[in-house]
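# Close look at the chain arrangement
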Amino acid sequence: MATIKTTLGVLACKGARTALRVAKRGGTTLPGRAAMFFDKDILATVSQGMEVIVVTGTNGKTTTCNMLEKALSSTGVDVLANKSGANLLKGVTAEFTANATLGGKPKKKYAIIECDEGALKQVVPLLKPKVILVTNLFRDQLDRYGEVTHTLDQIRIGVKKVPDSILCLNADCSLTASLANDVTNKVMYYGLDCPHGEQKDAEISDAKYCIKCGTEYKYEYHTYAHLGGFYCPKCGYKRQKTDVAVTAINKLSAKGTDTTMEFRTGDKALCENVHISLPAVYNLYNAVGAVCAYTAAGFSREDIIKSLATTNSSFGRMESFDLDGIDIQMILVKNPAGCNQALSFVTSVDEDYEAVICLNDKTADGHDISWIWDAEYEQLASDSNLKKLIVSGDRAEDIGLRLKYAGLSEDKINVVKGWNDLVEEMKKSEYPIFVLPNYTSMLALRRTLADITGKEEFWKG
């Protein structure tokens, strides 16, 4: 039975969201704060009885959620999803409360929710999700999260609060996989059972040593960064056998990837050819993780496999814009591992292009931007297809300096401040443009591009 405080919380949330959206603002966390003013645990009420999949981890949360949400929607199911990316407690609360009746009853049966790693311990005890998917763990926002093992501990606290949730873990990430060591949850593993590319020792610094005994890991194969077939030669901690895996990368292109996936149940295994409409190796992890979580929740594997072939990019993540006939692709970067993969993708495209790199240091980005010195911008310096490079954002000069040290000549680095001025400069291009922004610069530039090109607001997309 609804309480007065719940009804007041719903009214406050809906009113705040409506007002913010009339003002053409996303309305993400303030409505949640308004709801929690009246009922601090309102999330538990407005999600009661729903079947929820929660996705957390450093990289890939938004894209993986998009894959899951599109698969469910394709079957005719009305799905609740925090598409805006507001993934802290207040943002998640806002999404559920705005979609509840005045009495606090949820209007939808299913939800796909992205959750910040640090907020998981607050969110999941209230949501009681059916499945928790953990993508990977990398250094990210050091001034907020601290060392990566601290982030791992925060996730573990959250998981332990919901022992009935099925845990889907990236088997290739030694940190993520270690979550299974001391929890009672049912665990399923996913990953890439095949190597990709050539690995450099410097790339595996986020998890170079065994989390159990401190011995340096050995690898049977790598995919990227510290991901791959790791094992400890001393204590025996190693990559676990996967329940869902990419076993072959048949064709990797800028327009998508053809793979072979294997699905294992006990001693039985079934292989299927799966086309993923998004490019780059990190999207293979997003896709196979989504398949793992989708099936763990009891949904049809065939539905998500079919959906992956047509899933579009989520906002700012491999998102495309047509700016007066100029093809623009925006790729969010926020830490060394993700940035390196984005750079690898950009420099692998066999055509001339321009690049725009945007760097802010706002709270949502992390004020510590020292990570740019660990990213391999040298890939751009050695790419003959790069015809022009623009840097922008609050810390444009810093990223410009980093690029200079990477080997790009000063006359090739153009500093353009102001998003409108940046877009005007981009309009002069004779080539496709790849834009690599961090989080708040992505939101600001995307808003400017969306206004010009007619794209929907990010919170609608």
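Below is a short write-up of the structure. (Residues numbered from 1 in each chain as written. Predicted model: local features only at pLDDT ≥ 70, side-chain atom pairs only at ≥ 80, totals over all residues. Heavy atoms only, no water.)

A few words now on the nonpolar core. F96, Y377, L380 and L403 are the most contacted members of the largest nonpolar core, which totals 128 residues. The biggest single contributor to this core is helix α10 (residues 281–296), with twelve residues. In terms of nonpolar packing, the next biggest core, distinct from the first, is built from 19 residues, F321, C358, V416 and L449 among them. (Core = buried A, V, L, I, M, F, W, Y, C linked by side-chain atoms within 4.5 Å. Buried < 20%, exposed > 50% of the residue type's maximum accessible area, 1.4 Å probe, protein only. Helix = DSSP H or I, 4+ residues; strand = E, 2+ residues; numbered from the N terminus.)

All right, on to the environment of A100 then. Inspection of the secondary structure assignment puts A100 in the loop between α5 (89–98) and β3 (110–114). Placed 89 residues apart in sequence, A100 and L11 show a C-alpha to C-alpha distance of 10.0 Å. When sequence neighbours within four positions are dropped, the list of residues in contact with A100 reads V10, K14, V46, K105, P106 and K107. (Contact = heavy atoms within 4.5 Å.)

Turning our attention to the sheet that holds strand β6 (residues 187–192). The nine strands are arranged β2-β3-β1-β4-β5-β6-β9-β10-β11 in an open sheet whose pairing can be described as mixed. In this open sheet, the two strands that pair with only one neighbour each are β2 (79–81) and β11 (268–276). Across the sheet, the mean angle separating the axes of adjacent strands is 15 degrees when strand polarity is ignored. Across the sheet, α5 lies against β1 (51–56), β2 and β3, angled at about 160 degrees from β3, the strand it touches most. (Pairing = 2+ DSSP bridges. Axes fitted to C-alpha atoms, helices over the stretch in contact; angles between N-to-C directions.)

Moving on to the sheet that holds strand β16 (residues 413–415). Spatial ordering of the open sheet is given by β12-β13-β17-β14-β15-β16, a layout of six strands whose pairing is mixed. Single-partner strands in this sheet number two, and they are β12 (317–323) and β16. Across the sheet, the mean angle separating the axes of adjacent strands is 20 degrees when strand polarity is ignored. Inspection of the sheet shows strand β13 (residues 326–331) paired to strand β17 (residues 433–437) by three bridges, in the parallel sense. Within β17, the residue paired with M330 across the bridge is V435.

If a strand is regular, its side chains alternate between the two faces of the sheet. As defined by bridge partners, strand β7 (residues 218–222) adjoins strand β8 (residues 228–231) across three bridges and the pair is classed as antiparallel. Counterpart to Y219 in the pairing with β8 is F230. In sequence, β7 turns back onto β8 through a hairpin of five residues, with A225 there showing a positive phi of about 50 degrees.

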